[in-house]
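Chain by chain, the residues run as shown.
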Amino acid sequence: MNSYTIETVWSVLFRVICWAILIFLIAPIFIIVPLSFNAEPYFTFTNGMLHFQSDAFSTRWYEAFLSDAGWMVAVRNSFFVGILSTLLATALGTLAALGLNRRLPMRSLILSLLLAPMIVPIVVLAAGTYFVFAKVGLVDSYLGLVLAHSTLGLPFVVVTVLASLSNFDQGLVRAGLISGAHPTMVFRRVTLPLIAPGVLSGAALAFVTSFDEAVITLFLSPSPGYYTVPRKMWSGLREQISPTILAVATTWIVLSLVLMILMGMLRQQSAKRSGKPVGVAEQKKLRPAPAT
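Reading the values: rules and limits
- Residues numbered from 1 in each chain as written.
- Predicted model: local features only at pLDDT ≥ 70, side-chain atom pairs only at ≥ 80, totals over all residues.
- Heavy atoms only, no water.
- Helix = DSSP H or I, 4+ residues; strand = E, 2+ residues; numbered from the N terminus.
- Buried < 20%, exposed > 50% of the residue type's maximum accessible area, 1.4 Å probe, protein only.
- Contact = heavy atoms within 4.5 Å.
- Polar contact = N/O pair within 3.5 Å; in protein donor to acceptor, adjacent residues only side chain to side chain.
- pLDDT = per-residue confidence, 0-100.
- Core = buried A, V, L, I, M, F, W, Y, C linked by side-chain atoms within 4.5 Å.
- Arc of directions from axis to C-beta.
- Phe/Tyr/Trp six-rings, centres within 6.5 Å; stacked < 30°, edge-to-face > 60°.

J.: So what exactly am I meant to see when it comes to the overall build of the protein here?
T.: For the protein, the helix and strand inventory stands at 14 helices and zero strands. Tracing the protein from N to C terminus, the helices and strands come up as α-α-α-α-α-α-α-α-α-α-α-α-α-α. Here the protein holds 292 residues, and 35% of them are scored as buried. In the protein, once contacts between residues fewer than 6 apart in sequence are set aside, the share between residues at least 24 apart is 72%.

If you want it as structure tokens, here you go:
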């Protein structure tokens with residue numbers, strides 16, 4: 001066998017291995033999709049489903065999900081907490097990354113503390129959060145959930161924005177300041193458009209983290225009125241096993257895929273815009289208006 005044949009065989013084998021690993025990781029997620037259409041109240045494939053009989057499939061569990069007030073409250077809470085925690089984590093994480101991009105004393109220590117929620121076991125973080133929030137009355141409250149979820153999402157924003165700032169040309173900022181623009185204007189018209197892909201990526205990761213979080217919510221939301229969807233699913237699995245949970249999980253998978261596609265499109269558009277150099281028109285925008 002010549003070197004070209006060996007390379008071709010290895011390339012095909014490498015692709016087969018990659019696809020096998022991908023299927024192994026994805027299969028447990030998508031196996032629940034056909035189960036959510038099971039007409040029987042079981043977490044298993046019936047003979048009718050295996051033989052593709054039409055009467056074995058039903059949308060009854062989706063109808064049960066949409067008509068259940070408890071599930072609708074959980075969906076509302078998930079979006080409400082997810083959006084607010086994402087906004088807070090994105091704002092604080094971006095500011096922290098801008099500060100850490102400079103030469104600061106104890107920079108490594110500060111960065112390690114900010115990234116600690118990604119490293120500390122989630123159960124330990126949840127228990128500590130519960131004991132602290134219980135003393136200040138933040139248990140069983142939207143504010144407590146938003147603060148806790150934003151703490152989980154903040155490290156992702158810091159990492160992605162720092163990665164964007166690593167290739168950022170600080171000369172553009174100095175050029176804007178020399179032109180007489182206010183630092184706030186320079187940030188809005190120069191810095192933010194260029195680091196927008198990192199900010200959007202961090203925001204997407206923060207939202208998905210909040211959307212999928214169950215452990216901290218389990219500690220902070222003992223009352224059903226503050227359940228999120230993952231917390232409601234855990235409660236349903238513990239108290240009553242119903243295929244409605246499979247319908248909810250399938251809906252959540254579809255929503256996650258849609259969010260990933262939308263965020264990918266937004267990131268591509270932002271990357272295209274940020275790739276354009278600052279021209280004469282942009283430099284004129286940075287200059288303050290002459291005094292009258």
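J.: Teacher, can you tell me more about the side chain of Ser 78 here?
T.: Checked against the element boundaries, Ser 78 lands in helix H5 (residues 69-100). In this structure the side chain of Ser 78 is engaged in a polar contact, spanning 2.9 Å, whose partner is the backbone nitrogen of Val 229. Apart from the residues lying within four places of it in its own chain, the contact partners of Ser 78 are Phe 211, Thr 228, Val 229, Pro 230 and Trp 252.

J.: I'm lost on the confidence of the model for the protein in this one. Help?
T.: Should pLDDT be low for a region, the predicted coordinates there are not to be read in detail. Averaged over all residues, the pLDDT of the protein equals 82, while 89% of them reach at least 70. Here helix H14 (residues 280-286) is the element of the protein with the lowest mean pLDDT, 45, and H5 is the one with the highest, 92. The low-confidence segment residues 276-286, where pLDDT is below 50, has 10 contacts with residues more than four positions distant or belonging to other chains.

J.: Quick question: what am I supposed to make of the nonpolar core here?
T.: Taken as a class, soluble globular proteins show a tendency for nonpolar side chains to be buried jointly. Ranked by internal contacts, the top residues of the largest apolar core, which has 20 residues, are Leu 111, Val 158, Val 161, Leu 162, Leu 165, Phe 168 and Ile 195. Examining the composition of this core, we find that six residues originate from one element, helix H8 (residues 142-165), more than from any other. Contacts of Val 158, omitting those with residues within four sequence positions, involve Gly 93, Ala 96, Ala 97, Leu 100, Leu 111 and Leu 114. The next biggest cluster of nonpolar side chains, apart from the first, holds 16 residues, and it includes Phe 65, Trp 71, Val 75 and Val 248.

J.: How do you make sense of unusual backbone geometry when you look at a structure like this?
T.: Among all residues save glycine, negative phi is the norm, and among peptide bonds the norm is trans. Unlike most non-glycine residues, Met 106 shows phi in positive territory, near 60°. Its place among the elements puts Met 106 in the loop between H5 and helix H6 (107-119). Of note, Asp 140 is a non-glycine position whose phi angle comes to about 60°, a positive value. By the secondary structure assignment, Asp 140 is in the loop between helix H7 (122-135) and H8.

J.: What is the right way to look at the side chain of Ser 210 in this model?
T.: Within the element layout of this structure, Ser 210 appears in helix H10 (residues 183-212). Reaching out from Ser 210, the side chain makes a polar contact with the side chain of Ser 85 at a distance of 3.4 Å. A polar side-chain atom of Ser 210 sits 2.7 Å from a polar atom in the side chain of His 149.

J.: Explain helix H4 (residues 60-67) here, please?
T.: Note on helix geometry: an α-helix contains 3.6 residues per turn, so any two residues three or four positions apart are oriented the same way. The complete set of buried residues in H4 reads Trp 61, Tyr 62 and Phe 65. One side of H4 carries all its buried residues, which in axial view fall inside an arc of 100°. Along H4, the residues that are exposed and aim more than 90 degrees away from the buried face are Glu 63 and Ser 67.

J.: Honestly, the packing of aromatic side chains in this entry has me stumped. Any pointers?
T.: Both the distance between ring centres and the angle between the ring planes are used here to describe each pair of aromatic rings. In the structure shown here, the tally under the stated rule is 11 aromatic pairs. Pairing Phe 65 with Trp 71 gives two aromatic rings, centres 6.0 Å apart and planes at 80°, and the pair type is edge-to-face. As far as burial versus exposure is concerned, Phe 65 and Trp 71 are alike and both buried. For the pair Phe 211 and Trp 252, a centre-to-centre distance of 4.5 Å together with 5° between the ring planes defines the contact as stacked. In this pair, Phe 211 sits in helix H10 while Trp 252 sits in helix H13 (residues 244-274), placing the two residues 41 residues apart along the sequence.

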